Structure formats: structure tokens, C-alpha cells
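Structure at a glance
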Amino acid sequence: MRLSFCFFWAFFVLFFVSCGSPNRSTPTVVATEARIPLPDFDADSAFYFIYRQVSFGYRVPGSQAHAECAKWLAETMSKFVDTVIVQPFTARVWNGETRHGKNIISSFYPEKQRRILLGAHWDTRPVADHDPDPANWHRPVLGANDGGSGVGVLMEIARQLSIKRPNVGIDIVFFDLEDYGTPEFVDPALQRNAYTWALGAQHWAQNPHIRNYRASHGILLCMVGAANPRFGREGFSMRYAPDIVEKIWRTARGFGFAHTFLNERSGYIINDHLFVNRYAGIPMAIITDFCPRRTPTGFFRQWHTIHDNLDIINRNSLLMVGQVVLAHIYQE
């Protein structure tokens, strides 16, 4: 079947490489690389992990749903990895108040020196400040895609790594308090203040879970679950980790995903990877759905609205990202 579709996929990739391409369903055929025996990333399992997060409700720091989800994340990851560390911290948010957060760090082979860092944020935004209806601006975001999708993919990757162990140490960090940045309706200029965002990553990057922690590089996943994603080469990733970006995007091309992993810059995005790069000095690239020409914000249409729910999660998008990251790990 793969051979019979060869010429079709070649045309498909060339024609739909632009982020402004018409919406099409993501292909379900995955071209595995014969040289590397890879486990099969299970998109249904990743979807289930997203569903479980969403089932707790709004994972806003300080809420009961947040506490219950943290407990479930740590317990579930402990079934797959060698060690789980929950790192509590306190941070001052944009309005001067303090919030308590938890970074959840899961590790394979904690004794190995060569390590790869994988990350995603697990909290959800307390305000839907980009909702088209101003009446919803003070409502929280369910965060199926923005938060839930990256965590769900990494949980399924951890499950696969527990079955077929990698040759390198792996640390998976679920960062907290990423999405507590200044609301748009307060002051758009303040919202661009990078330091009100990614508070858990700022804390971890300056206070890692292990003294003198080092990793060869890192990959951050954020907003990877919506249909027809467009993963451009993000600005800070290209500044701090261009070689890692090239490796990931080359792997994606090998799977026939060049129509989704675009060979073009997509602008600069404030997210956890920025502070891992700046403070921890670990070159970290982000895979995130961002295309300035597609929507007014550049992000998926339901970004920071009350409509970021399970209905927008696409299993084929999860499959592409999960298979690419798994392949990258085993290639290393």
C-alpha cells in the first residue's frame, strides 16, 4: 500500500507545503523508516490521556481540579518510568498575587549522563481572553489542546518507551503555571512581558530537580492536537537550537509530513522552551501549531477561548507528532 501511494504523497507534500493551504484531513498512512525499528505510537492512547486530563475540569493552579490532575499525572507516569519527582514552587503572577505550582518530572535511566529533555505544560489558562464573546473573557479555558495535547502525546511516548527502552536517559517535565500570563484585556503591552508566562519553567530552569542537571537538548510540545496543524520553525528555537530543529524536521520529512512540519520561520513564541534555553542553557526546540498567515493570532482558532475542548482534538495530528518525536529519540 505504501508503494502504491508513493507518487500521490510526493504530489501532496509539494502542493500543500504552505501554512496557508486549504484545510485537508491529515494523512493516516505513516511511512516508517526501515533502518530503525520503532514502536507504533498509539494516537487513541494519547487521546485517552488528553480525555483524562480534561475530565478533571479546568486545571487552573489553586483549584481542586488542578490538585487532582497533578496526583493522577504523577501516579500514571510512575507506571512507565523509573523515577517521578514532583517539584513544588511558589511564583508571583502578573497581578502581584502568589500561586503555588507543581512541576512533574519523570525519568528513564536517571543514572545515564547522556539525556534528552522532553516537556509540555499541564496547567490551563484562568481566563479566555481571546474568546470572540467578551462575556467569556473571565471564564477559564478547558485546555484540551493548549496544555492537554502536549502532555497526552508525551504520556503515550512514555508508555512506548517503557515497552521498548531507549539507549539514552529521558526526562519528561510537565511544567506548571505556563499559562498564567497577563490577560489581553488588562493591557496588551503587559501581555507581551515574557516574564509573566512560563513560571514553572522559569523556576525549573534555575532550580532543576537534580543539581547540575544537563541534557544534550530538549523538545517542547505545545498545542499539537488540532486538525491540520502547521508547525513552523519557531524563532527562539532557531536562535538557540537550530541543529535540533533541523533534525526533527528532517525526521518529519522522512515520514512524509513536510506539509505539516514547514520549512519556514513562524515567528517568536513565548513558552517554556525560552527559559530552558536562557536559564538552563539547554538547547530546546518547540513543536507548536503556529502560522501567522492562518488566523489573526497565528494560533489555532480556539486558542485561549472556552472552545478549546476535546471536540477539536485530531488523532492524526497526535500521531504525526508522537511518531516524529519517538523516531528522534531512537535515532539519538
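The next subject is the nonpolar core. L118, I157, F174, W204 and I287 are the most contacted members of the largest nonpolar core, which totals 93 residues. When residues in this core are grouped by element, the largest group, 10 residues, is from helix α10 (residues 315-331). In this structure, I287 is in contact with I219, L220, L221, C222, V224, F231, I248, W249, F261 and V325, ignoring residues within four places of it in sequence. Among the nonpolar cores identified, the runner-up in size contains 7 residues, and F89, A91, L177 and L199 belong to it.

Across the protein chain, pLDDT averages 90, with 88% of residues at or above 70. Note that pLDDT drops below 50 for residues 1-18; the model gives that stretch 22 contacts with residues more than four away or on any other chain. Contacts from residues 20-34, a stretch scored under 50 in pLDDT, to residues over four places away or in other chains number 39 contacts.

Here we take up the pairing of strand β1 (residues 83-92). Of the strand pairs in this sheet, β1 and strand β2 (residues 98-108) are connected by 10 bridges, and their pairing is antiparallel. In the sheet register, R92 faces β2, and the bridge partner there is T98.

This next bit is on the packing of helix α3 (residues 64-77) against helix α4 (residues 148-163). Contact geometry of α3 with α4 gives a least axis separation of 11 Å together with a crossing angle of 25°. With respect to each other, α3 and α4 are oriented roughly parallel. On α4, the residues that touch W72, L73, T76 and M77 of α3 are V151, M155 and A158. Of the residues contributing to the contact of α3 with α4, the split by class is 6 nonpolar, 1 polar and no charged.

Given a rise of 1.5 Å per residue, 14 residues ought to cover 20 Å, and the 20 Å separating the end C-alpha atoms of α3 matches this to within 8%. Taken together, the buried positions of α3 are A65, H66, C69, A70, W72, L73, A74, T76 and M77.

This next bit is on the environment of M155. Following the sequence through the fold, M155 ends up in helix α4. A residue is classified by how much of its surface remains accessible, and M155, at 0% relative accessible area, is buried. Along the primary structure M155 and F49 are separated by 106 residues, whereas in three dimensions their C-alpha atoms are 7.1 Å apart. If sequence neighbours within four positions are ignored, M155 has contacts with F49, W72, L73, T76, M77, F80 and F174.

Turning to the sheet that holds strand β4 (residues 169-175), a few remarks are in order. In space, the 6 strands of this open sheet follow the order β1-β2-β4-β3-β5-β8, with mixed pairing throughout. Either end of the sheet is taken by a strand with one partner, and the two such strands are β1 and β8 (284-288). For this sheet the average axis-to-axis angle between neighbouring strands, irrespective of direction, equals 20°. Looking at chain direction, strand β5 (residues 217-222) and β8 are connected through 5 bridges and run parallel. Each residue of the ladder has a partner; that of L221, found in β8, is I287. Packed onto the sheet, α3 meets β1, β2 and β4 and runs at close to 10° relative to β2. Lying over the sheet, α4 contacts β2, β3 (115-121), β4 and β5, oriented at roughly 145° with respect to β3.

What follows deals with helix α6 (residues 199-206). Of all 8 residues in α6, 6 are buried, a share of seventy percent or more. Looking at α6, one finds that the buried residues are L199, G200, A201, Q202, W204 and A205. Looking at the buried side of α6, the elements it contacts are β1, β2, β3, β4 and α9 (272-280).

For Y109, which is not a glycine, the phi torsion comes out positive at approximately 50°. For Y109, the position within the fold is in the loop between β2 and β3. When its relative accessible area of 19% is taken as the criterion, Y109 is described as buried. We note that H304 has phi near 55°; this positive angle belongs to a residue other than glycine. Among the secondary structure elements, H304 is positioned in the loop between β8 and α10. Relative accessible area serves as the criterion here: at 2%, H304 is assigned to the buried category.

Attention shifts here to the pattern of salt bridges. Applying the stated criterion across every chain, the model contains 14 salt bridges. With a shortest N-O distance of 2.5 Å, D289 and R294 are connected by a salt bridge. Shared partners join several salt bridges into a network, and the residues in it are R233, E246, R250 and R253.

Scoring rules and cut-offs
- Residues numbered from 1 in each chain as written.
- Predicted model: local features only at pLDDT ≥ 70, side-chain atom pairs only at ≥ 80, totals over all residues.
- Heavy atoms only, no water.
- Core = buried A, V, L, I, M, F, W, Y, C linked by side-chain atoms within 4.5 Å.
- Buried < 20%, exposed > 50% of the residue type's maximum accessible area, 1.4 Å probe, protein only.
- Helix = DSSP H or I, 4+ residues; strand = E, 2+ residues; numbered from the N terminus.
- Contact = heavy atoms within 4.5 Å.
- pLDDT = per-residue confidence, 0-100.
- Pairing = 2+ DSSP bridges.
- Axes fitted to C-alpha atoms, helices over the stretch in contact; angles between N-to-C directions.
- Parallel < 35°, antiparallel > 145°, perpendicular 65-115°, else oblique.
- Nonpolar A, V, L, I, M, F, W, Y, C, P; charged D, E, K, R; others polar.
- Expected span 1.5 Å × (residues − 1).
- Salt bridge = Lys/Arg side-chain N within 4 Å of Asp/Glu carboxyl O.

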